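Below, each chain spelled out in residue letters.
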Amino acid sequence: MSAKGWLLSIRGRTHVAVGARELVYVLPEEPEIHGVPLAPAPTPGVIVWENRVVPLIDVALRLGMADEGTGNLTTTLAGMHYFVAIVAFAGDDLLDVGVELGALILTKVPEQVEVSDHQGRELPPEFEPHAELFASCFEHPELGAVPILDLTRLFASSGYRHERAGAHAWMSVQ
Amino acid sequence: MRETLHEAPDRHAAPLASLCVGRLLLAVPLRDLQSLEPILDVDRQNRDGRSAGTIELRTGPCPVFCVDEALTVVGEPSPDQRICAILAGGEAGSFGIICSAVESLGGDALASFDVPACMAAADSPIDGLALHGRRVFCRTTGAALARFVTTGSADEPERLLEELDPGADEVFA
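Residues numbered from 1 in each chain as written. Chains lettered and ligands numbered in written order. Predicted model: local features only at pLDDT ≥ 70, side-chain atom pairs only at ≥ 80, totals over all residues. Heavy atoms only, no water.

A.B. asks: Any chance you could explain the overall build of chain A here in plain terms?
C.D. replies: Along chain A, the regular secondary structure elements total three helices and 11 strands. For chain A, with 174 residues in total, the buried portion stands at 55%. As displayed, chain A has an accessible area near 8000 Å², and 50% of this comes from carbon and sulfur atoms. (Helix = DSSP H or I, 4+ residues; strand = E, 2+ residues; numbered from the N terminus. Buried < 20%, exposed > 50% of the residue type's maximum accessible area, 1.4 Å probe, protein only. Areas by Shrake-Rupley, 256 points an atom, 1.4 Å probe, with all protein chains shown as cover.)

A.B. asks: Is there a simple way to think about the pattern of salt bridges in this case?
C.D. replies: When charged atoms on two side chains of opposite charge get close, those side chains can pair. All chains considered together, the criterion is met by seven salt bridges over all chains. Its salt-bridge partner being Asp150(A), residue Arg153(A) comes within 3.9 Å of it at the nearest N-O pair. Taking the relative accessible area as the measure of exposure, Arg153(A) reaches 29% and is therefore partly exposed. In this structure Asp150(A) comes out as buried when scored by relative accessible area, which is 4%. Three or more residues are tied together by salt bridges with common partners; here these are Arg44(B), Arg47(B) and Glu76(B). (Salt bridge = Lys/Arg side-chain N within 4 Å of Asp/Glu carboxyl O.)

A.B. asks: Where do I start with the packing of aromatic side chains in this structure?
C.D. replies: Centre-to-centre distance and the angle between the planes together describe a pair of aromatic rings. Residue and element names in this part refer to chain B. The final tally for this structure, using the stated rule, is four aromatic pairs over all chains. Arranged with centres 6.4 Å apart and planes meeting at 65 degrees, the rings of Phe65 and Phe95 form a pair that is edge-to-face. Remark: Phe95 occurs in strand S8 (residues 94-99) and Phe65 occurs in strand S5 (residues 60-67); sequence separation between them is 30 residues. Phe95 gets classed as buried once you look at its relative accessible area, which sits at 3%. (Phe/Tyr/Trp six-rings, centres within 6.5 Å; stacked < 30°, edge-to-face > 60°.)

A.B. asks: Help me understand the pairing of strand S5 (residues 45-49) of chain A, please; the structure alone is not making it clear to me.
C.D. replies: Looking down a regular strand, the side chains alternate between one sheet face and the other. Residues and elements named next belong to chain A. Burial analysis of S5 places five of its five residues in the buried class, which makes it a mostly covered element. Bridge analysis of strand S4 (residues 34-35) against S5 gives two bridges, and the strand direction is antiparallel. Paired with His34 across the bridge in S5 is Val46. Pairing between S5 and strand S6 (residues 52-57): five bridges, direction antiparallel. Residue pairing for S6: Val48 is matched across the bridge by Val53. Counting the residues that bridge the hairpin from S5 to S6 gives two residues, and of these Glu50 lies at a positive phi of roughly 55 degrees. (Pairing = 2+ DSSP bridges.)

A.B. asks: Please explain unusual backbone geometry as it appears in this structure.
C.D. replies: It is generally the case that most residues other than glycine have a negative phi and that most peptide bonds are trans. Phi at Glu50(A) takes a positive value of approximately 55 degrees, unusual for a residue other than glycine. For Glu50(A), a relative accessible area of 57% translates into the label exposed.

A.B. asks: What is the right way to look at the sheet that holds S6(A) in this model?
C.D. replies: Strands pair in a sheet through their backbones, by hydrogen bonds, and they do so in one of two ways: parallel or antiparallel. The strand order S3-S7-S8-S6-S5-S4 (chain A) describes an open sheet built from six strands, whose pairing is mixed. This sheet does not close on itself; its edge strands, each paired only once, are strand S3 (23-26) and S4 of chain A.

A.B. asks: Explain the pairing of strand S1 (residues 16-21) of chain B to me, please; I cannot follow it from the model alone.
C.D. replies: Residues and elements named next belong to chain B. The element S1 is extensively covered by neighbouring structure, given that six of its six residues are classed as buried. Both faces of S1 are covered, namely the face carrying Leu16, Ser18 and Cys20 and the face carrying Ala17, Leu19 and Val21. The sheet contact formed by S1 and strand S2 (residues 24-29) spans six bridges and is antiparallel. Bridged to Cys20 within S2 is Leu25.

A.B. asks: Honestly, the nonpolar core in this entry has me stumped. Any pointers?
C.D. replies: One broad rule of soluble globular proteins: the nonpolar side chains tend to lie buried together. Within the largest apolar cluster, 63 residues are counted, with the highest numbers of intra-cluster contacts made by Leu104(A), Leu149(A), Leu151(A), Leu154(A) and Phe155(A). When residues of this core are assigned to their parent elements, the largest contribution, five residues, is made by helix H1 (residues 142-151) of chain B. Among the nonpolar cores identified, the runner-up in size contains 12 residues, and Val54(A), Tyr82(A), Val84(A) and Leu101(A) belong to it. (Core = buried A, V, L, I, M, F, W, Y, C linked by side-chain atoms within 4.5 Å.)

A.B. asks: When you look at the sheet that holds strand S12 (residues 135-139) of chain B in this model, what are you seeing that I'm missing?
C.D. replies: Residues and elements named next belong to chain B. If you trace the six strands from one edge of the open sheet to the other, you get S9-S1-S2-S12-S11-S10, paired in mixed fashion. Two strands lie at the open edges of the sheet, namely strand S9 (101-105) and strand S10 (111-113), each paired on one side alone. In this sheet, neighbouring strand axes are inclined to one another by 30 degrees on average, regardless of whether the strands run parallel or antiparallel. Pairing geometry for strand S11 (residues 128-132) and S12, over five bridges, is antiparallel. The residue bridging His132 from the neighbouring strand is Arg135, located in S12. (Axes fitted to C-alpha atoms, helices over the stretch in contact; angles between N-to-C directions.)

Structure follows, in structure tokens:
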């Protein structure tokens, strides 16, 4: 069996993936980011999309793979051209909220990818500290290990608070 | 719980006052806004470690605070901050926040959202977000803001104790 998904470049050669139906839209321009005071550095603010307030996450920062700098997104992304992708994910079962929206900072336009069962592999050590944020991992022929994000858990955790129970993976290729 | 991005229509009814601090737009219940005073009336001689001074009200001196876009208490207002909004701070009493603009927001045109779980901070006075056109407001209350600017945490003492020692109430009940 195989499953389709999207390859997301989050910094340099670091890639993660999401399921085909989880990527909703890629904004053509860098959106206005509305800061939320005291929010952790990887989640510096929200954007407005389709009359909804959508939280924005810098996955590279969340995974500790980019310099937080001052924690100010403007500083972190200064001089860097980036894209913002809108993603959809299952809300918390406990709250019965259905589908939620989030936004991710990317450095390139997403590429479609098709992954077969035999490509499944262990999470590489550099991603182990954040293993709870991944549903699984696959071997890309050119990029090597590519973890698949568990968007529900990513958007349910701030990085310095306890994970909530009940979150589950939406996509798994294993 | 306030951990989803779903609208919270039950909070639409109360009109809000918007306080502009740089690019930060705070929204407090309009009933928490007591008066607007010119910054020239702030007595800078009475500033202490956190407050930027005091302003004399009919009820006596009222501490005035200056914050930046990150809600960090700072000693000096920026040049565009010329207004002191006097807010009801609950048990903390009245206090002032220096800002550049204040406006009232009709409740009808507002859509309220919970703070996203990934942005939650235990000691934050921000308890929700509001969308008005393309502008996003950080919702708070006079009481939460007063606790935050005076202590650096919006948590009530009882809640802090509960987080440190869950179940302590039962032990002492």
